[in-house]
Amino acid sequence: MTGTVYKSTGSWYVVKTHEGDFFECRIKGKFRMHGLKSTNPIAVGDLVDFDLDESADKTVGIIHHIHDRKNYIVRKSVNLSKQVHIIASNIDQVFLLITINNPPTTTSFIDRFLVTAEAYGIEAVLVFNKIDTYDEATEDEQLFLQYIYSKIGYECLRISSVVNKGIEQLKEMMGGKVSMFSGHSGVGKSTLANALEPTLDLKTTIISEQSKQGQHTTTFAEMYDLPFNAKIIDTPGIKGFGIVDMEKDEVGDYFPEFFALKDQCKFNNCLHKEEPNCAVKEALDTNEIAWSRYRSYLQILEGEDEHYRTDDYSDKGENLQ
């Protein structure tokens, strides 16, 4: 039998067949994915082949084959730095939910996520959520971020699940596609999914006023069928987003605005740091490239961990280190 993995708990998998039947499955032995050291051999979105084992107390499926993936998105494993964790596979688009201060989403986090999406060939859309809670200063910050990323070419949406703003536009974008929701805990992924389809009734929580951080409400990634011909993968909240090892001369290729200027640099292996006649640095000096993006680039280039701090969204050159 063949089906799609709808839920993964690490040892058990819920698989939906083409006929629409759901089976609890497990894997037999160890799967080794060629060229990929992963903590989870099977991810939500995988197409798998399985046989039914009716010898146990209940009928379970035994997965024996994973079909080739169209794509997948990963992050560094928290405990095993040499390995990666596959968040989901066979995705048409990913929606990164961003909140300005409830909880705060840093530009460092946004940029690391976008670099990973670029590297794995997945279209990313930025969703600025909870806009109903913005005061004037917060809205100014949000609109400035939207300006930065729209200028690069990323589609940006302004959403409020509470007042139902932007929901219909989001539905239109999701129609006929497999979409993934990602972002920090507390940015409203599950609430937004419930707004798209109230019968999902996904668990939500309230932001801690003391820490301004969300609590994990989604424990494992899970796919849901939506009535408007769409599928959504809801993922656990991510605190930090570790970049999988890249060659230094590759990093700039995953910043679209850097890549567009690459052939104008004097050296074809320019790292956009101290090299003379660097088109990226020249664009930085004229504010054609955002300083926040350049800071993120340097952090990734130097292999620095993500800084958990409130970003300075201004396009100034202070505090580059």
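Since we're looking at a predicted model, the values are computed, not measured. (Residues numbered from 1 in each chain as written. Predicted model: local features only at pLDDT ≥ 70, side-chain atom pairs only at ≥ 80, totals over all residues. Heavy atoms only, no water.)

A. Region of the structure containing the overall build of the protein chain. For the protein chain, the helix and strand inventory stands at 8 helices and 13 strands. Looking at the 321 residues of the protein chain, the share that counts as buried comes to 50%. The long-range share in the protein chain, meaning contacts at least 24 apart out of those at least 6 apart in sequence, stands at 64%. Accessible area for the protein chain stands at about 15,900 Å²; split by element, carbon and sulfur atoms hold 47% of it. (Helix = DSSP H or I, 4+ residues; strand = E, 2+ residues; numbered from the N terminus. Buried < 20%, exposed > 50% of the residue type's maximum accessible area, 1.4 Å probe, protein only. Contact = heavy atoms within 4.5 Å. Areas by Shrake-Rupley, 256 points an atom, 1.4 Å probe, with all protein chains shown as cover.)

B. Broad picture of the nonpolar core. Core analysis: the largest hydrophobic core is formed by 33 residues, its most contacted members being I73, L126, Y149, M180 and I233. Among the elements that take part in this core, helix α1 (residues 107-119) stands out by supplying 5 residues, more than any other. Beyond its immediate chain neighbours, meaning those up to four positions away, I233 contacts V44, A88, V178, S179, M180, F181, A221, E222 and M223. (Core = buried A, V, L, I, M, F, W, Y, C linked by side-chain atoms within 4.5 Å.)

C. Structural detail: the pattern of salt bridges. All told, the structure shown has 13 salt bridges when counted by the stated rule. Residue R26 pairs with D53 through a salt bridge whose shortest N-O separation is 3.8 Å. You can see R26 sitting in strand β3 (residues 22-27) and its partner D53 sitting in strand β4 (residues 47-53), a full 27 residues away along the chain. Here D53 falls in the buried class, since its relative accessible area comes to 19%. One salt bridge in this structure joins D253 and K262, with 3.0 Å as the shortest N-O distance. Residue K262 is classed as partly exposed on the basis of its relative accessible area, which comes to 27%. (Salt bridge = Lys/Arg side-chain N within 4 Å of Asp/Glu carboxyl O.)

D. Spatial organisation of the environment of Q142. With respect to the secondary-structure elements, Q142 resides in helix α2 (residues 136-152). We classify Q142 as buried; its relative accessible area is 0%. Sequence separation between Q142 and I98 is 44 residues; the distance between their C-alpha atoms is 9.3 Å. Setting aside anything within four residues of it in sequence, one finds Q142 in contact with I100, F128, Y134 and R158.

E. Layout of α1. The end-to-end C-alpha separation of α1 is 18 Å, in line with the 18 Å expected for 13 residues at 1.5 Å each. The buried count for α1 comes to 11 of 13 residues, which makes it a mostly enclosed element. Taken together, the buried positions of α1 are T107, S108, F109, I110, D111, R112, F113, L114, V115, T116 and A117. Following α1 by one or two positions, G121 has its phi on the positive side, about 70 degrees. (Expected span 1.5 Å × (residues − 1).)

F. Examining unusual backbone geometry more closely. Along the chain, N102 connects to P103 via a cis peptide bond; the corresponding omega equals 0 degrees. By secondary structure assignment, the location of P103 is in the loop between β8 (93-98) and α1. A positive phi angle is found at K130, which is not glycine, with a value near 65 degrees. The class of K130 is buried, set by a relative accessible area of 15%. One non-glycine residue, N277, lies in positive phi territory at about 50 degrees. Topologically, N277 is positioned in the loop between α6 (256-259) and α7 (279-285).

G. How the structure looks around helix α8 (residues 291-301). Counting buried positions over the 11 residues of α8 gives 11, a clear majority of the element. Within α8, burial applies to W291, S292, R293, Y294, R295, S296, Y297, L298, Q299, I300 and L301. Summarising the contacts, the buried residues of α8 are in contact with α1, α2, α5 (248-251), α6 and α7.

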